Amino acid sequence: GLNQVASYDLDLGMTSVVYKQQSANFYGISIFKDYIVWTDQNDMNGIHIADIQTQNKVRGILHPQTGHALDVIAYDVLNQPILDVSCEENNGYCDQLCLGLYNESYVCACGTGFQLDTNLRSCVSGLVRDNFVIAADSYQKQLYQVDLSTGDVHVIAPDVTHNRPIAVAFDPVKNQLYWTDNDRAEGKAIQRINIEGRQADIVSTLSEDSIIDGLAVDSVNRLLYYTDTGLDRIMVVAIDNTLICKTVVKDALDEPRAIAVHPLKGLLFWSDWGRNPKIETANMDGTGRRLLLNMTGISWPNGMIIDYKEDILYWVDAKQNTVEAMSLDGKSRRLVVEESDAHYFGITLNGNNLLISDWKTNYLKSIPKLTKDGGSSQITRIGPDAFSRLNGLVSYNSTYVLKGASGCTGVFSCDHICIPLPQNRFVCACADGYEESGFKCIKTDANATSIDSPGKVKPGSRASSQYITYSNSGLSKGGIIAIAVVSVTAFIILIISAMFLFTRWRSGRIRHQRLEDSPDNQVDSFYRITFPDKQQESVSFDSGIDQYDQTHRQ
């Protein structure tokens, strides 16, 4: 470049050089009194200050081996515009932002994901019900819905406080969004909400050591799977009774990350970005575990998604800057796309397009999925460039919702949890702290959560841990009639019960910084240079320099 900072006079329309230094690589710049403050990178990585009048450099804070110095801002209380506007009174009665204008007026504005209402003061978020992607932004502390038809952005659950949302999953049956918050003030948790609702529910309250980076919903069998890289385990939760939680994998896990399930095949897939990065698979109850892909060199396998139609597993590698794919048996590994400078995090599939979050950009990316002819590596931007740190992604399109029969919702019933297996089988299991005794789950750990039995079941209709086989391709005529009769009867009982209830109612320290961000892309420290005497003529840059280490490292 020109290694200089220039200014432009708006009145005269003229450009002039403010400061020039041959060795400087200006990145962020600001002005304080008669000094220019800038950040530099490479060998001069840090904050630098120079006197504009004398063109002499007066200070430098160098960290050549630590990250990249980014933006800088200077505030001088004596050099602020004098505005006489109404924003001082109750924020101008604006819902979010009050922007003062020089003509002593102001306008109201809204943040990303909100639109200004017709009253020009309130901020609203109009969600769509189909063909969208949901993204977790941990820097803006929001869950965003992006309309894939228009690119418009909407905030989900604006009344719910998000501290640092990471992983997301969606249940199309109940229209509910699940997400993890690893920095929640009240304690780490998995939460869920109807995307059009305003009140969130706690699915699981987690220990202080837990770090949940991956979520996957099995909407067919009503199960929620998640990875805990803090405790090194993989768990399953019954969606319709979240007190039932079971560990399915707990041995030989280093840094488990993303997770994906194939409900119709009874298979579970997860990535591990630890010392020996790999992708593994197992039956959905944790049995039959095997290595699917052992990655050579340094890799950070992050998000993953299954193409149910083609039986292809896609994943992103944040270290190799690649999107790759392979068949579900670990064969036919193929490169989808590779970029020279990226940090991929999340991936999801919507129809024929892969949607990807990249920490090096502030927008979503779209890539065509693989075809028999190989596909295209063309990258398209989705939505606005208005995000900060996009993490997990999940998409929904009613045309592509996975559908199929479930043995777990058929004639048999499990006391606690029913888990699908390959070859159209399923198995009953008990929650952690319980053991199976006959057809019942008996509490063996006094500290385990108490779980109510689902109720009395006719003899012979309760299943045990013995593997049960069911048909996922269709039912016999007699079976269809039987299920129809049972369904109608159950529906009538449900209506009567609902009417009865309605009548009565009318009469209540994070360990995974290596994974989330590389040292080259991490905010390590903030610096503040203060001047106690704001009236002093001369400025001393040798005093008042404070360093703030970031409390919550990414």
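Residues numbered from 1 in each chain as written. Predicted model: local features only at pLDDT ≥ 70, side-chain atom pairs only at ≥ 80, totals over all residues. Heavy atoms only, no water.

## Here's the deal with the UniProt feature "domain: EGF-like" (unreviewed entry) in the protein
- Sequence positions flagged by UniProt for "domain: EGF-like" (unreviewed entry) are, in local numbering, residues 86-124 and 407-442.
- Secondary structure content for residues 86-124 is 0% helix and 31% strand, while the C-alpha to C-alpha distance between its ends is 22 Å. (UniProt positions renumbered as here; feature names shortened; annotations may be inferred. Helix = DSSP H or I, 4+ residues; strand = E, 2+ residues; numbered from the N terminus.)

## Some remarks on empty space enclosed by the protein
- In this structure, the largest cavity encloses a volume near 30 Å³.
- Along the wall of the largest cavity there are ten residues; nearest its centre are Asp415, His416, Cys428, Glu436 and Cys441. (1 Å grid on protein atoms, 1.4 Å probe; cavity = no way out; pocket = protein on both sides within 12 Å on 5 of 7 lines; lining within 4 Å. Points joined across faces, edges and corners; volume = space filled by probe spheres on them.)

## Observations regarding the packing of aromatic side chains
- Applying the stated criterion across every chain, the model contains eight aromatic pairs.
- Ring geometry for Phe132 and Phe170: centres 5.8 Å apart, planes at 85 degrees, overall edge-to-face. In this pair, Phe132 is assigned in strand 11 (residues 132-137) and Phe170 in strand 14 (residues 165-171), connecting sequence segments 38 residues apart. In this structure, Phe132 and Phe170 share a single accessibility class: buried.
- Above the plane of the ring of Tyr363 lies Arg381, whose end atom (NZ or CZ) is 5.5 Å from the centre.
- Here the basic side chain of Arg389 rests over the ring of Trp359, its NZ or CZ set 3.9 Å away from the ring centre. (Phe/Tyr/Trp six-rings, centres within 6.5 Å; stacked < 30°, edge-to-face > 60°. Buried < 20%, exposed > 50% of the residue type's maximum accessible area, 1.4 Å probe, protein only. Lys NZ or Arg CZ within 6 Å of the ring centre and 35° of its normal.)

## A word on the sheet that holds strand 27 (residues 312-317)
- Pairing is antiparallel across the open sheet formed by four strands, whose spatial order is 26-27-28-29. Lying at the two open borders of the sheet, with one neighbouring strand each, are strand 26 (301-307) and strand 29 (334-338). This sheet shows a mean twist of 20 degrees between the axes of neighbouring strands, independent of strand direction.
- As paired elements, strand 28 (residues 322-327) and strand 29 share four bridges and run antiparallel to each other. Bridge pairing links Ala325 to Arg334 in strand 29. (Pairing = 2+ DSSP bridges. Axes fitted to C-alpha atoms, helices over the stretch in contact; angles between N-to-C directions.)

## What about the pattern of salt bridges?
- For the structure shown, the criterion picks out 16 salt bridges.
- Close ionic contact of Glu196 with Arg129 constitutes a salt bridge, the shortest N to O distance being 2.8 Å. In this pair, Glu196 sits in the loop between strand 16 (189-194) and strand 17 (201-205) while Arg129 sits in the loop between strand 10 (123-124) and strand 11, placing the two residues 67 residues apart along the sequence.
- A residue is classified by how much of its surface remains accessible, and Arg129, at 65% relative accessible area, is exposed.
- The shortest N-O distance in the salt bridge between Lys360 and Asp341 comes to 2.6 Å. A residue pair is termed long-range when its members are at least 10 positions apart, and Lys360 in the loop between strand 31 (353-358) and strand 32 (364-368) and Asp341 in the loop between strand 29 and strand 30 (344-350) qualify at 19 residues. (Salt bridge = Lys/Arg side-chain N within 4 Å of Asp/Glu carboxyl O.)

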